[in-house]
Amino acid sequence: MYIKRHIEPIIEKSKAGYPAVLIVGARQVGKSTVLKNLYPSMKYETLDDPFLLQTIEADTVGYLKLQVRRL
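Description of the structure in this document. Keep in mind it's a predicted model, so treat the numbers as computed, not measured.

## Re the overall build of the chain
Okay, step 1: Along the backbone of the chain there are four helices and zero strands.
Okay, step 2: Along the chain, helices (α) and strands (β) appear in the sequence α-α-α-α when read from the amino end.
Okay, step 3: In terms of overall dimensions, the chain has a C-alpha envelope of 35 × 25 × 20 Å along the principal axes.
Okay, step 4: In the chain, the share of contacts with a sequence separation of at least 24, taken over all contacts with a separation of at least 6, comes to 47%.
Okay, step 5: Total accessible area on the chain is roughly 6,300 Å²; 61% of this is exposed by carbon and sulfur atoms.
Okay, step 6: For the chain, the separation between the mean place of its 11 positive charges and that of its 7 negative charges on side chains is 6 Å.

In structure tokens form, the structure reads like this:
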């Protein structure tokens, strides 16, 4: 059962005004769950994968440009 979060309208408003929205917070608080519920077909990234984190740290702009091209 999904529990609606108070932050959902804030995420929706941010998404309308920006091409990307960063959701940060403590582990196990429902960040991924909220995003999967609001945007089931949209891609999101988690930096839990050390290889992905290292890739993004090495070339953040290049990584983001590659993601934009995939849209």
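## Re the nonpolar core
Okay, step 1: Listed in full, the five residues of the largest apolar core are I11, V34, L35, L38 and Y39.
Okay, step 2: In terms of residues, this core owes the most to one element, helix 2 (residues 31-38), which gives three residues.
Okay, step 3: Excluding its chain neighbours within four sequence positions, the residues that come into contact with L35 are I23 and P40.

## Some thoughts on the environment of T33
Okay, step 1: Tracing the backbone shows T33 in helix 2.
Okay, step 2: Judged by its relative accessible area of 39%, T33 falls in the partly exposed class.

What counts, and where the lines are drawn
Residues numbered from 1 in each chain as written. Predicted model: local features only at pLDDT ≥ 70, side-chain atom pairs only at ≥ 80, totals over all residues. Heavy atoms only, no water. Helix = DSSP H or I, 4+ residues; strand = E, 2+ residues; numbered from the N terminus. Contact = heavy atoms within 4.5 Å. Areas by Shrake-Rupley, 256 points an atom, 1.4 Å probe, with all protein chains shown as cover. Lys, Arg positive; Asp, Glu negative; His and termini not counted. Charge placed at Lys NZ, Arg CZ, Asp CG, Glu CD. Core = buried A, V, L, I, M, F, W, Y, C linked by side-chain atoms within 4.5 Å. Buried < 20%, exposed > 50% of the residue type's maximum accessible area, 1.4 Å probe, protein only.

Scope: geometric values only; no functional claims are made or implied.
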